[in-house]
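Listed below, chain by chain, are the residues.
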Amino acid sequence: MSINPIQFQRGLSLPDFLSQYGTEAQCESALEKVRWRDGFRCPQCGHDHCTVFRRGQQPLYQCSACHHQTSLRVGTLFQASKLPLTTWFLAIYLITQAKNGVSALELMRSLGISWRAAWRLKHKILRAMLEQEADR
Ligand SMILES: [Zn+2]
């Protein structure tokens, strides 16, 4: 499955970005639209109805037919991460809007995360962008 990096329109200002993707709920709903363009589909059996409940921070989608559970992050570049989607979205925004690239140090400062986390996040996003280019 493709990693579906979220794409932001060119020239989106930071205040506009924050008003559209500033909360975890907004990011979840944007990711849901990318993952299930025509509504939920069970990855196990293809059924189109589910129950949504939360475990910890993340919403879980349980198929009404086979009870398979999935999350928005499964199969995306956010899958193994404990960082909130807001952090990921802001990182993608900063990386894709920067003309001359963004260093891990800048991401660390802007996102308020450790240098190591910033470095990992940057490399995952860049790899996802490259893979997407290659798919075209
Ligand atoms: Zn199912």
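Structure: above.
Conventions adopted
Residues numbered from 1 in each chain as written. Predicted model: local features only at pLDDT ≥ 70, side-chain atom pairs only at ≥ 80, totals over all residues. Heavy atoms only, no water. Helix = DSSP H or I, 4+ residues; strand = E, 2+ residues; numbered from the N terminus. Buried < 20%, exposed > 50% of the residue type's maximum accessible area, 1.4 Å probe, protein only. Contact = heavy atoms within 4.5 Å. Areas by Shrake-Rupley, 256 points an atom, 1.4 Å probe, with all protein chains shown as cover. Lys, Arg positive; Asp, Glu negative; His and termini not counted. Charge placed at Lys NZ, Arg CZ, Asp CG, Glu CD. Pairing = 2+ DSSP bridges. Axes fitted to C-alpha atoms, helices over the stretch in contact; angles between N-to-C directions. Donors = N, O, S within 2.8 Å, 3.2 Å for Na, K, Ca; no water. Tetrahedral: all angles 85-135°; square planar, octahedral: opposite > 155°, others 65-115°. Parallel < 35°, antiparallel > 145°, perpendicular 65-115°, else oblique. Nonpolar A, V, L, I, M, F, W, Y, C, P; charged D, E, K, R; others polar.

(A) Just the overall build of the protein, in detail. Looking only at helices and strands, the protein features 5 helices and 3 strands. Moving toward the C terminus, one meets the helices and strands of the protein in the order α-α-β-β-β-α-α-α. Along the first, second and third principal axes, the C-alpha set of the protein runs to 50 × 35 × 30 Å. Out of the 136 residues belonging to the protein, those deemed buried represent 36%. Across the protein, contacts joining residues at least 24 apart in sequence account for 49% of those joining residues at least 6 apart. Counting every atom, the protein has about 8,500 Å² of accessible surface; 51% of that belongs to carbon and sulfur. Within the protein, one finds 17 positive and 10 negative side-chain charges whose respective centroids are separated by 7 Å.

(B) Inspection of the sheet that holds strand 2 (residues 58-63) at higher detail. The sheet built from 3 strands is open, its strands ordered 1-2-3 with antiparallel pairing. Strand pairing shows two members of the sheet lacking a second neighbour, strand 1 (50-55) and strand 3 (69-71), which therefore form its edges. Each adjacent strand pair in this sheet contributes to an overall mean axis angle of 35°, direction not counted. As paired strands, strand 1 and strand 2 are joined by 6 bridges and run antiparallel to one another. Considered in strand 2, the bridge of T51 is made with Q62.

(C) Spotlight on the coordination of the zinc ion. For the zinc ion, the full set of protein donor atoms is C42 (SG), C45 (SG), C63 (SG) and C66 (SG), at a range of 2.3 Å. One way to put it: the 4 donor atoms around the zinc ion meet at angles of 107 to 113°, and that makes the site tetrahedral. Here the donor residues of the zinc ion share one chain and are spaced in sequence as C-x2-C-x17-C-x2-C. Look at C63 and you get buried, because its relative accessible area is 1%. For C66, a relative accessible area of 34% translates into the label partly exposed.

(D) The arrangement of the environment of F8 in detail. Following the sequence through the fold, F8 ends up in the segment before helix 1 (14-21). Separated by 55 residues in the primary sequence, F8 and C63 have C-alpha atoms spaced 30 Å apart. Setting aside anything within four residues of it in sequence, one finds F8 in contact with F17, Y21, F89, I92, Y93, T96 and Q97.

(E) Highlighting the packing of helix 1 against helix 2 (residues 24-35). Two elements in contact, helix 1 and helix 2, have axes whose closest approach is 7 Å; the angle formed by their N-to-C orientations is 80°. Relative to helix 2, the element helix 1 is oriented roughly perpendicular. Every residue of helix 2 that contacts helix 1 at L18, S19, Q20 and Y21 is listed here: Q26, C27 and A30. Grouping the constituent residues of the contact of helix 1 with helix 2 by class yields 4 nonpolar, 3 polar and no charged.

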